[in-house]
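For reference, the chains in residue letters:
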Amino acid sequence: MTRADAEAATPATLALDAARRALEDMSRRARLMIDTANDAVVTIDPASIIIDWNRTAERMFGWRRDEAVGQVLTDLIVPPQHRESHHRGLKRYLSDRTPGILNRRVETTALDRTGREFDIELSVWPVETGSGFTFSAFIRDISERRRAEAALRESEEKYRLVVENAYEGIVVSQDGMLKYANPRALTLTRRTLAQAMSTPFIEMVHPDDRARVYGNYLRRLRGEAVEPFYKFRVVDTAGETKWLQISAVGIEWDGRPATLNFLTDVTEQVALEANAAQTLALREAILETTAVGIMFIQAGRIKWINDALERGMLGFDDGEIVGHTGEVAFLDHSDWSRFLHECIPALERTGTYSSDWRVKRKDGSPWWCHMSAKALKPSDLGAGTIWFFIDISARKRAEEEVHRALGRERELSELKTRFVSLTSHEFRTPLATILSSIELIDDFGSKLPDAERAELIRIVKAAIKRMTAMIDQVMLIGRAESDKLEFRPQPADACEIAQSVARETEQALGRRGTVRFTSRGDCGRRLVDGKLLAHVLGNLLSNAIKYSPEDSPVDLDIEAREAMLVMRVADRGIGIPPEDHARLFESFHRARNVGNVEGTGLGLTIVKQCAQLHGGRVEFESAAGQGSTFTVHLLAPPAP
Ligand code: ADP
């Protein structure tokens, strides 16, 4: 500063300087703010000539500051339809200060350099200067916001359409009241919107379901876990009950907790379900109470089985054999595989199978069942087969009984037939002998020499003896066949009995000393039926003697083998031709080579029956001309 300057620097000039500097500072700061503002800032003079144009204005409208300044604002960025009102407003303000659009936010449109019209928000501030007015406009591009608003409106409209036309009822409830209900929800409860909104929603719920619905509602409001779907009943204004399925979520409605509920009318479905359940229960009851055993097999395994079969017929516990194959009911594996070989081809061919099988219970006891099956699809047995079982044990038992009785009846009647033919044949000979002998004695009486008369009487006696023996044998067989011959074992010495029978037989046939007796093992005290043993040995020994030459010996051997006695009677006589072997034990059957040897054909029948009664059996080996050996096994355990 020069001295002159310093002198000129009066307080007034100093203050002026300071004021100027402050002003410059402020206008620099204002400039900076304007240039960095987010809004476009455009300033015009009263003739609408642009006098300022910030950077944001350059970006928003596409005109550089040097291009814009000096232009008429309306020509540059105001769309033609707004130009007139712009000028009018400006003029009015300048004449009588009518604020018009000044000092407030206005939404309008503007043009950019390319001629594109876009939405803007505008506020215009008049600034009074020394020479008059300037107007600064702060302009914000709101086209983006507008688009978002339009999109929001559109999507709201879409949602509204969906909600209003939804087939599901949609309601919002808060504080126990409905805050919103779509038309479908109103139809479901037969209420108008006003009625629905003014009725506590719990009143629309069926009294029996109120506790549950309200409990769920409160829990949902508290944010606790609630069953996501459940059914409950509502009663509409006409008193009609409907089943609704509800799914609900907790939401905020007007800033406070509420629930959003979706309601589907499931009345028909519930009725159908109830119907189906009833039908099923009925069917189940029928299947379970029937006396017929029923099961369903799928892929070879028991899928379902009724009580009558599982517990009643098979003796298993409830559900115990579900998942098993049917083999559990068969007596053994070979029965099971025979059964499979039989039923599978039948089911494949005809779709059905039926047969009687002897099966078993869990405890192993056997029973007879009639089973029948039907395949759901014969071409694919794995799809399933239904099986029905009927216990026919009683029927089978009766059948067997009848069978046995018939068999016995037949045997007896055959025996009788044979006996009748025998009497007509075998009895005639001795009777004829007796008759002729008696006639001779009658005719010649005392004229007959003593010796001849004695011979005739001996012949008569022999014939009578033979007939008596035959009648005895027939009666014995008759008793055996009608189960009247009994087995009464007693402690006795089998060897003693055998030897005494041998002596009696020798004597009866007049062949003393023919039988050679041997024994092995301990056949002393045994449990034997002496009578049966005597019938067995008596007949075998008498045959052996009868069918052997006079001087030929007969061997009788007894061997004790644990609980058995094995007795062998061997001769060296005429033997038995092979053609007669098969029928040897039939009553009245005699081999073709017997010649004059007397006999009835009943002895071996008696031997066989007595041996069987004694828990044993008879076998023989023989060849014509070479003798025979008969072997008898009898059950005769040592006596205690
Ligand atoms: P029978 O009273 O005729 O001897 P059996 O029933 O005792 O009747 O025997 C049946 C038949 O078996 C006899 O008729 C005989 O043909 C034959 N038979 C039995 N035992 C012998 C034996 N030891 N030697 C040869 N044949 C025998």
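The written sequence of each chain sets the order in which its residues are numbered from 1. Under the rules for a predicted model, residues below a pLDDT of 70 receive no local features and side-chain atom pairs below 80 are neither given nor counted, while totals for whole chains, interfaces and linings still include all residues. Hydrogens are left out, water is left out, and the side-chain values use all remaining heavy atoms of the structure.

Visitor: Tell me about the overall build of the protein chain, and name the residues and values.
Guide: Counting from the N terminus, the helices are DSSP H or I runs at least four residues long and the strands are E runs at least two residues long. Within the protein chain, the regular secondary structure consists of 20 helices and 22 strands. Taken over C-alpha atoms, the radius of gyration comes to 65 Å for the protein chain, far larger than the 26 Å a tight globule of 640 residues would show. By residue count, 37% of the 640 residues in the protein chain fall in the buried class. Of the contacts made within the protein chain by residues no fewer than 6 positions apart, 51% connect residues no fewer than 24 positions apart. Two things to know: the radius of gyration comes from C-alpha atoms, and the globule rule equals 2.2 Å times the number of residues to the power 0.38. Only protein chains enter the accessibility calculation, which uses a 1.4 Å probe; a residue is then buried when its area is under 20% of its type maximum, exposed when over 50%, and partly exposed in between. Residue contacts are defined here by distance: any two heavy atoms, one from each residue, within 4.5 Å place the two residues in contact.

Visitor: For the site of the ligand, give the residues involved together with the corresponding values.
Guide: Contacts to the ligand come from 21 residues, most closely from Asn543, Tyr547, Arg590, Thr600 and Leu604. Here a polar contact means two N or O atoms within 3.5 Å. Within protein one must be a hydrogen donor candidate and the other an acceptor candidate, and residues neighboring in sequence count only if both atoms are side-chain atoms. In this structure, Gly601 approaches the ligand through a main-chain N or O atom, which is 3.1 Å from an oxygen atom. Contact distances for the ligand include 3.1 Å between an oxygen atom and a backbone N or O atom of Gly603. All accessible-area figures derive from a Shrake-Rupley calculation using a 1.4 Å probe, and residue coverage is judged against the displayed protein chains alone. Compared with its free state, where it exposes 530 Å², the ligand has 98% of that area covered by protein. When residues of the shell around the ligand are traced back to their parent elements, those giving at least two are helix 18 (530–546), helix 20 (603–613) and strand 22 (628–635). By residue number, the principal contributor to the shell around the ligand is helix 18, which donates three residues. The residue classification treats Ala, Val, Leu, Ile, Met, Phe, Trp, Tyr, Cys and Pro as nonpolar and Asp, Glu, Lys and Arg as charged. All others, Gly included, are polar. In terms of residue class, the shell around the ligand is built from 10 nonpolar, eight polar and three charged. Residues are classed as near a molecule or strand on a simple rule: at least one heavy atom within 4 Å of it.

Visitor: For the sheet that holds strand 8 (residues 229–235), give the residues involved together with the corresponding values.
Guide: Only strands joined by at least two bridges in the DSSP assignment are considered to pair. Judged by pairing direction, the sheet is antiparallel, and its five strands sit side by side in the order 7-6-10-9-8 without closing on themselves. This sheet does not close on itself; its edge strands, each paired only once, are strand 7 (177–181) and strand 8. The average undirected angle you get between the axes of adjacent strands in this sheet is 40°. Pairing geometry for strand 6 (residues 169–174) and strand 10 (residues 256–265), over five bridges, is antiparallel. Within the sheet, the bridge partner assigned to Val172 lies in strand 10 and is Leu260. Helix axes are fitted only over the stretch in contact, all axes being lines through C-alpha atoms; the angle between N-to-C directions runs from 0 to 180 degrees.

Visitor: Account for the pairing of strand 22, naming residues and giving values.
Guide: Summarising burial for strand 22: six of the eight residues are buried, a large majority. Relative to strand 22, strand 20 (residues 564–570) runs antiparallel, the two sharing seven bridges. Bridge assignment links Met567 to a residue of strand 22, and that residue is Val632. Summarising the sheet, strand 21 (residues 617–622) and strand 22 pair through six bridges and their orientation is antiparallel. Within the sheet, the bridge partner assigned to Val618 lies in strand 22 and is Val632. Taking the residues between adjacent antiparallel strands as the criterion, strand 21 and strand 22 are bridged by five residues, where Gly625 takes a positive phi near 80°.

Visitor: Now, about the state of the cysteines: what can you tell me, with residues and values included?
Guide: Defined by distance alone, a disulfide is two cysteine sulfur atoms within 2.5 Å. Per the stated rule, a full pass over the model turns up one disulfide. Between Cys495 and Cys523 runs a disulfide, and the two sulfur atoms are separated by 2.4 Å. Of this pair, Cys495 sits in helix 17 (residues 494–509) while Cys523 sits in the loop between strand 17 (515–520) and strand 18 (525–528); the two residues are 28 residues apart in sequence, bridging distant segments of the chain. Like Cys495, the residue Cys523 is buried in the burial classification. Here Cys343 stays unpaired: no disulfide links it, and the sulfur of Cys369, its closest cysteine neighbor, is 12 Å away. On the accessibility criterion, Cys343 (3% relative accessible area) is buried. We note that Cys610 lacks a disulfide partner, and the nearest cysteine sulfur, in Cys495, lies 19 Å from it.

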